[in-house]
Amino acid sequence: MKHIIIGTAGHIDHGKTSLIRALTGRETDRLKEEQDRGITIELGFTWFDLKDGTRCGVIDVPGHEKFIQQMVSGVCGMDMVLLVVAADEGIMPQTREHLDILSLLGIENCIVVLTKCDLVDEDWISMVKEDIREEFQGTMLEKAKIVEVSTKTGAGIDGCKDAILEMVKTLPEKSPSGLPRLPIDRIFSLQGLGTIITGTLISGTLTKGDGVEIYPKRLPVRIRNIQVHEQDAEQAVAGQRVALNLTGLKKGDIKKGAVLARENSFENTKLLDAKVRILPSSQRTVKNRERLHFLTGTAELLCRIILLDKEELKAGEEGYCQILLEQEMVFAKGDPFLLRFYSPVETIGGGTVLEANAKKKKRFREEEIDALRRKEEGSLEETLESYFLEAKFGAGLKEAGKDLSLENEELLPLVEELRGNGKLCELPLQQGTVYLHGDNKFYWESKCKEELEKFRKAHPYRIGMAKAELREKLWKKGNAKVFDALLSLLPELQTKGDLLYLSSQEDFKDANYQGIEKSILTTLENAGYQLLKLEELERGKAKEEDFQDILQNTVVEGRVVKVGEDPELLILAQDLEKVKAWVLEYFQKEEVLGIATLKDAFSTSRKCAKAMIQYFDREKITKKVSGESERVAGPAAK
């Protein structure tokens, strides 16, 4: 079943509210001020049924220029619009501005309703219709149907309904799937019920009892009751005007402009990728970083516009940009918006959100502009591929779903298709899976190889580059676990402990290396249990950096061990193993080992015995009991 939302637009006092009253039999002006002044200030809502049983929700939109935000709020979620023109006055300033707004927001399904036809004769009506056709030449209303009505006599109202039904038949049904999202246009409270919010459900389905969230404040609430067209309902679906009675919320907690959606389904953002068009009638030139009013859904925010492909935008021009908002809000790809000049406040243009959770871009970068072009023109699969292409460090399904405002059920088939044709690779983690675009995988492979080759060139005698150092250079903002998963996919990568090197770099121990290494090992062998400090080792003619690197390699390879804390001393691993065997055997017979006992057993100094004991403490072979001198068997010795 179709759920249709009809809006009105047009100049002040051209009869929009009277037309709705004639179509529905209901009054939409609900404020005393509106009734006293005869103009619509706030949005009014009602409904009526067509001949085929289709129920149409109707939004009465203000026509006065100062209430333009309410007008934009009304357009949010509309399927079609009745553009009202009074026959006795014809096209007026607000008519033109409303037409501009409808065009910018992508509302293409319009019927022109010529009201107050009882006040003029047929010749006048013909002349006004000619003026309308001329005014709308080259616009989306160029071929719009014009119907003549009189709300006073009722003439033409049935014909207007017939025209609406004819257009409704051409409109596609909205899918109830997808993430539910409802921009809030009214908040009020009723005694005994609590807080109630209203809005048009622009996507998805809401069910009584659902736990939902109000953005951008991230307020968790629950739906106590749902009303659709003044009747209680168990469920509301996309395209319906909805009133929700919420628990866990006070009227003062939120303002109009907030968005209700499923819990944890969106991410707040301040930066959007967008395509912007400046109205041909605009008298303003938009410069880079211009401060503007940004209107979308039911929200009005201040923003800066960062032009990416032009220095400025003049009347009639369009371009790619980033919108930097002064407050956080949630959006989805495809959301339309208006831009109004900061001061004086006037509509100058609008556009479409290309990505809601954008990353900062540099101006005049061709690759950035190409990416935006793909987002604008591409299919959902192409949009998803562009998303992963921009996600240099990869992304999970949950993250992608939030950023693109898509359900997992919508994402999974697309991800599988991209994997199947080799455009995505999977990085399995202990918790969840991250997907990396094939181009990014190739990029990181190349960068890893490049950095490891540069490292080997700078340090020819080191086994490899520390993983932490490589990550700091390449993956600083990326997830460490994802980085590890990526490294596991690189076929040329070899590891030794926490050091990384390429398989082509294994043979680096030349004659000079071997000579220095032999000198180090021989010196330590001769020293035996009289452990040596680093500075006590003989360098010969070796360069200090080479000497240090080769010594560290003997430690990494497990042939030399650093023991003690202050000072740090060196011993051959084979000699330390003998000491360890003696300590383990000692604890088979005795309960307490003193440093002096170890010193005497190996004819060494107290300093060396203490350093070895400190090493055994770290290895859990010994355990300190009292003072500095005595140890008992640690867990590893039992």
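Preceding block: the structure.
Parameters at a glance
Within every chain, residues take consecutive numbers counted from 1 along the sequence as written. In view of the model being predicted, local features appear only for residues whose pLDDT reaches at least 70, and side-chain atom pairs are presented and counted only at 80 or more, with totals across whole chains, interfaces and linings using the full set of residues. Heavy atoms throughout the structure, all of them, feed into the side-chain values; hydrogens and water do not. Helical segments are the DSSP runs of H or I of at least four residues, strand segments are the runs of E of at least two, and each set is numbered from the N terminus. The globule rule used here is 2.2 Å times the number of residues to the 0.38 power, and the radius of gyration it is set against is calculated over C-alpha atoms. Only protein chains enter the calculation, and the probe is 1.4 Å; a residue is then buried if its accessible area is under 20% of its type maximum, exposed if over 50%, and partly exposed in between. Whether two residues are in contact is decided by their heavy atoms, any of which lying within 4.5 Å being enough. Per-residue and other accessible areas follow the Shrake-Rupley method at a 1.4 Å probe size, with only the shown protein chains counted as cover for residues. In summary, the charge assignment counts Lys and Arg as positive and Asp and Glu as negative, without counting His or the chain termini. Taken as the charge centre is NZ of Lys, CZ of Arg, CG of Asp or CD of Glu, depending on the residue. Note that the arc is defined by the directions from the helix axis to the C-beta atoms. By convention in these notes, a salt bridge is any Lys or Arg side-chain nitrogen within 4 Å of a carboxyl oxygen on Asp or Glu. Within this analysis, patches are made of residues with over 30% relative accessible area and no salt bridge. Like charges are joined at 9 Å or less; nonpolar side chains (Val, Leu, Ile, Met, Phe, Trp, Tyr) at 5 Å or less. Think of it this way: DSSP has to see at least two bridges between two strands before they count as a pair. Note on method: axes are straight lines fitted to C-alpha atoms, helices fitted across the in-contact stretch only, with angles between N-to-C directions ranging 0 to 180 degrees. Orientation categories follow fixed angle ranges, with anything under 35 degrees roughly parallel, anything over 145 roughly antiparallel, 65 to 115 roughly perpendicular, and all other angles oblique. Residues are grouped as follows: Ala, Val, Leu, Ile, Met, Phe, Trp, Tyr, Cys and Pro are nonpolar; Asp, Glu, Lys and Arg are charged; all remaining types, including Gly, are polar. Each Phe, Tyr or Trp ring (for Trp, its six-membered ring) is paired with any other whose centre lies within 6.5 Å, and the angle between the two planes then decides the class: stacked below 30 degrees, edge-to-face above 60, tilted in between. We call a charge positioned over a ring when the NZ of a Lys or the CZ of an Arg lies within 6 Å of the ring centre and within 35 degrees of the ring normal.

Asker: Account for the overall build of the chain, naming residues and giving values.
Answerer: Along its length, the chain carries 18 helices and 33 strands. For 638 residues, the compact-globule estimate of 2.2 N^0.38 gives 26 Å, and the chain exceeds it by more than 25% at 37 Å. In terms of overall dimensions, the chain has a C-alpha envelope of 125 × 55 × 45 Å along the principal axes. For the chain, the proportion of its 638 residues judged to be buried stands at 51%. Across the chain, contacts joining residues at least 24 apart in sequence account for 66% of those joining residues at least 6 apart. Here the chain has roughly 29,800 Å² of accessible surface; of this, 47% comes from carbon and sulfur atoms. Within the chain, the 107 negative side-chain charges are centred at a point lying 5 Å from the centre of the 94 positive side-chain charges.

Asker: Would you mind going over helix α1 (residues 16–24) in detail, with residue names and values included?
Answerer: Where α1 is concerned, the buried positions are K16, T17, L19, I20, L23 and T24. The buried side chains of α1 occupy one side of the element, clustering within an arc of 155° when seen end-on. G25, located one to two residues past α1, shows a positive phi value of around 80°.

Asker: If you had to explain the pattern of salt bridges to someone new, which residues and values would you point to?
Answerer: The full count for this structure, using the stated rule, is 42 salt bridges. A salt bridge links K375 to D273; the shortest N-O distance between them is 2.8 Å. Linking K375 in helix α7 (residues 366–377) with D273 in strand β16 (residues 269–278), this pair joins segments that are 102 residues apart in sequence. Across the pair E367 and R365 runs a salt bridge, and its minimum N-O distance is 3.7 Å. The class for R365 is partly exposed, based on a relative accessible area of 33%. In this structure, a network of salt bridges that share partners links the residues D273, E355, K361, K375 and E390.

Asker: Would you mind going over a positive patch on the surface in detail, with residue names and values included?
Answerer: The grouping of R289, R304, K360 and K362 at the surface amounts to a positive patch. Looking at where R289 falls in the secondary structure, it is placed in the loop between β17 (286–287) and β18 (290–296).

Asker: Tell me what's going on with the sheet that holds strand β21 (residues 318–329), and back it up with residues and numbers.
Answerer: Here six strands make up a closed barrel; going around it, the order is β16-β21-β19-β18-β22-β23 and the pairing antiparallel. Strand after strand, the sheet turns through a mean of 45° between neighbouring axes, direction not considered. Pairing analysis gives eight bridges linking β16 to β21, with the strands arranged antiparallel. Note that in β21 the partner of L271 across the bridge is L324. In this fold helix α4 (residues 93–104) packs onto β16, β22 (336–341) and β23 (347–355), with an angle of close to 15° to the strand it touches most, β23.

Asker: Mind laying out the packing of α1 against helix α6 (residues 157–168), listing which residues take part and the relevant values?
Answerer: One can describe the packing of α1 onto α6 by two numbers: an axis separation of 10 Å at closest approach and a directional angle of 85°. Considered as vectors, α1 and α6 are oriented roughly perpendicular to each other. Contact residues: L19, A22 and L23 in α1; I157, C160, K161 and I164 in α6. Residue composition of the contact of α1 with α6, grouped by class: six nonpolar, no polar and one charged.

Asker: Go over the packing of aromatic side chains with me, naming the residues and quoting the values.
Answerer: A full pass over the atoms with the stated rule returns 17 aromatic pairs. Residues W582 and Y586 carry aromatic rings whose centres are separated by 5.2 Å and whose planes lie at 25° to one another, so their mutual orientation is stacked. Pair noted here: W582 and Y586 are both in helix α16 (residues 573–589), with a separation of four residues, about one helical turn. Members of the aromatic cluster, connected to one another through ring pairs, are F393, Y443, W444, W475 and F483. Here the guanidinium or amino end of R456 rests over the ring plane of F508, the centre of that ring lying 4.6 Å away.

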